[in-house]
Structure formats: structure tokens, C-alpha cells
Amino acid sequence: MKKTARTAPRYDMMFGDGKFNATLLIGPDPFGAFYDYSVFQGARLKLKKTGFELTGHKVGLDIFETVFNHNGNSIRARIRLVHGRSYSGGLQELWRESLAYEDLVYLKSHAGYGKHLSLSDDVSCFTDAMKEGFSHPDRKPYQLYYLDCCKSEMYYRDVFREYVGYDGVDLILHQWFCNYIIIGPVVVLLRELMAGSDFETIVAGMNDEYGVPHVDVEDDPEDLKQDRKMVTYCVG
């Protein structure tokens, strides 16, 4: 019998064990570019303003925590905010572990014009980790990914589906070339998830936070005639 496609997220699964764990990976930028640190600092400030408490720190990594209510249950949230360039641990190992065990994985990086997720010069280490993580026997049954990269909907939606399938993963993606320094939408995502909002409300809030996408020199003139909302949500 053919499975019926999901039409809504499964946040009940994401919060089902009383915990919500997320990793937010900022960068690393290509060598010679250093604005990712200001983005990391901006994310740190916004998380604090949203009510998260800084509970741990080492070079390139901040741990934030809070407690919220979901459907009458107390949920403990732990957010790892990672600055890819200065992280003192093994970045590839952190990425691999995040793919297997985190409820929410956020990546702010450069899309590499559809060729790769530009996490390092040796990107095969990360794509291999993606394959290993998605087939891990203890991988979370439901996860949410936000790929904050230029045109990630076009470049990565189908590629990610080849890795993860459709049942246990939702994708938040960008439709257009984006402004790398804008970090607010992921904090809106966290805030609305904790508030119990549906995904239509989440996307609307993220798009309001992002604002109107800029016109990039690489934009096709036909693209400029379309709805210029940045964030799109891919359910199942």
C-alpha cells in the first residue's frame, strides 16, 4: 500500500522525550573572509534576548539552555552555537554527531553554487559524514534542517532527499541569493517552535524577520517577477 505523504511537521516526535537539542553551525567562511564571527556574535546576542541562558563555553562553542512548555509537558532545550572557523574540537566529528542525534540542525554557509556545502576545502569529509549520519542506527526518527545558504531550495532539496528520504525529515530552505550577515530567522524559528506554532506561522515570521531579499547580480530577470519571499518549508 502506498504511503500517504505528510502534510504537517511532527514536532510531537521532536519533543517527545522531554528534550530538544539543536546545533547551529556558523561558517566557516572561505579563507580570507572573516564576517562569520560578527554573525556568530549576533546569534549569541539574539539567543540571550530570546530567553536562553549561556551555560557553557569554549573556543568556538557556546551552549545555551532554557525550559519551555509543549502540550503541557516541560521540555529542556539545549542549543550549541558553533563558530566553524575557531571551533577547537573536531568540526567534522561534531557535524557527523549532529546529523545523527540533533533534533534541529542549522547550517549558515555558502552554497558553492550547487556543487557542495562549503564547510571546508575537503568537502567530501562532510558529505561522507552526511551519508553516515543519515544511516546511523540510532538516528533521531524526526529531524528539522535549516540550510541558510543561497538558493538552497534549488541546490539541495532533492540532494538531501536522496540522503534522508521523506518520512522523518523536514527542510527549511532559501529560495534566493541571501545576505550572509542576517541571522534573525533562525532565532525566530526557535522562538516559534517553543511557542507551539504551526509551520505556516513559523515561515511567515521568518520571512518577516528576513525582509525583502536583495537583488543579486546572479539573479535571472524572470526571478525578480516572482514572489520574493526568502524562506520556504518542505514537509516530508
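Residues numbered from 1 in each chain as written. Predicted model: local features only at pLDDT ≥ 70, side-chain atom pairs only at ≥ 80, totals over all residues. Heavy atoms only, no water.

Undergrad: Give me the pattern of salt bridges: which residues, what numbers.
TA: Considering all chains together, one arrives at 11 salt bridges under this definition. In this structure, Arg80 and Glu102 form a salt bridge, with 3.9 Å as the shortest nitrogen-oxygen distance. Highlighted residues: Arg80 in strand β4 (residues 73-83) and Glu102 in the loop between α3 (91-101) and β5 (104-108), separated in sequence by 22 residues. Like Arg80, the residue Glu102 is buried in the burial classification. Close ionic contact of Lys108 with Asp148 constitutes a salt bridge, the shortest N to O distance being 2.8 Å. In this pair, Lys108 is assigned in strand β5 and Asp148 in strand β6 (residues 143-148), connecting sequence segments 40 residues apart. Across the pair, Asp148 and Lys108 agree in class, each one buried. In this structure, a network of salt bridges that share partners links the residues Arg78, Arg80, Glu97 and Glu102. (Salt bridge = Lys/Arg side-chain N within 4 Å of Asp/Glu carboxyl O. Helix = DSSP H or I, 4+ residues; strand = E, 2+ residues; numbered from the N terminus. Buried < 20%, exposed > 50% of the residue type's maximum accessible area, 1.4 Å probe, protein only.)

Undergrad: Describe helix α2 (residues 36-49), with residues and values.
TA: Over its 14 residues, α2 runs 20 Å from end to end, which matches the ideal 20 Å to within 8%, given 1.5 Å per residue. Within the span of α2, buried status applies to Asp36, Val39, Phe40, Ala43, Arg44 and Leu47. Along the axis of α2, the buried positions cluster into a sector of 145°, meaning they face one direction only. Tucked into the core, α2 has its buried residues touching β1 (19-26), β2 (53-58), β3 (61-70), β4, β5 and α6 (184-195). Downstream of α2 by a residue or two, Gly51 has a phi angle that is positive, lying close to 110°. (Expected span 1.5 Å × (residues − 1). Arc of directions from axis to C-beta. Contact = heavy atoms within 4.5 Å.)

Undergrad: Quick rundown of the packing of α6 against helix α7 (residues 199-210)? Include the residues and the values.
TA: Angle between the axes and distance between the axes: these two values describe a pair of packed helices. Running from amino to carboxyl end, α6 crosses α7 at an angle of 150°, the nearest separation of the two axes being 8 Å. Comparing the axis directions of α6 and α7 gives the class roughly antiparallel. Taken as a pair, α6 and α7 cross one another with a handedness that is right-handed. Every residue of α7 that contacts α6 at Gly184, Pro185, Val188, Leu189, Glu192 and Leu193 is listed here: Thr201, Ile202, Gly205, Met206, Glu209 and Tyr210. Looking at side-chain class alone, the contact of α6 with α7 contains seven nonpolar, three polar and two charged residues. (Axes fitted to C-alpha atoms, helices over the stretch in contact; angles between N-to-C directions. Parallel < 35°, antiparallel > 145°, perpendicular 65-115°, else oblique. Left-handed = near helix turned anticlockwise from the far one by under 90°. Nonpolar A, V, L, I, M, F, W, Y, C, P; charged D, E, K, R; others polar.)

Undergrad: Quick one: what's the story with the nonpolar core, residue by residue and with numbers?
TA: Within the largest apolar cluster, 44 residues are counted, with the highest numbers of intra-cluster contacts made by Tyr11, Phe20, Ile79, Leu189, Leu193 and Tyr233. If one sorts the elements of this core by residue count, α6 sits on top with seven residues. Filtering out sequence-adjacent residues up to four positions away, Tyr11 remains in contact with His70, Tyr142, Leu193, Ser197, Phe199, Ile202 and Tyr233. Of all hydrophobic cores here, the second largest spans 21 residues; its members include Ile63, Tyr87, Trp95 and Cys234. (Core = buried A, V, L, I, M, F, W, Y, C linked by side-chain atoms within 4.5 Å.)

Undergrad: Can you tell me about the pairing of β1, naming the residues and giving the values?
TA: Within β1, seven of the eight residues are buried, which leaves it mostly tucked inside the rest of the structure. Where β1 meets β4, eight bridges bridge the pair, whose relative direction is parallel. Looking across to β4, one finds that Ile26 is bridged to His83. For β1 and β5, the ladder comprises five bridges, and the chain directions are parallel. Across the sheet, residue Leu25 finds its bridge partner in β5, namely Leu107. (Pairing = 2+ DSSP bridges.)

Undergrad: Describe the packing of aromatic side chains, listing the residues and the values that go with them.
TA: The geometry of two aromatic rings is summed up by the distance between their centres and the angle between their planes. The tally for this structure, following the rule as stated, stands at five aromatic pairs. Judged by centre distance (6.1 Å) and plane angle (25°), the rings of Tyr37 and Phe40 are stacked. With a gap of three residues between them, Tyr37 and Phe40 both fall in helix α2, about one helical turn apart. Taking relative accessible area as the criterion, Tyr37 reaches 40% and is therefore assigned partly exposed. What makes Phe40 buried here is its relative accessible area of 2%. Judged by centre distance (4.9 Å) and plane angle (40°), the ring pair of Phe199 and Tyr233 falls under tilted. Highlighted residues: Phe199 in helix α7 and Tyr233 in strand β8 (residues 231-234), separated in sequence by 34 residues. Accessibility expressed as a relative area gives 15% for Phe199, which makes it buried. Through pairs of rings, three or more aromatic residues link up here, namely Phe15, Phe20 and Phe68. (Phe/Tyr/Trp six-rings, centres within 6.5 Å; stacked < 30°, edge-to-face > 60°.)

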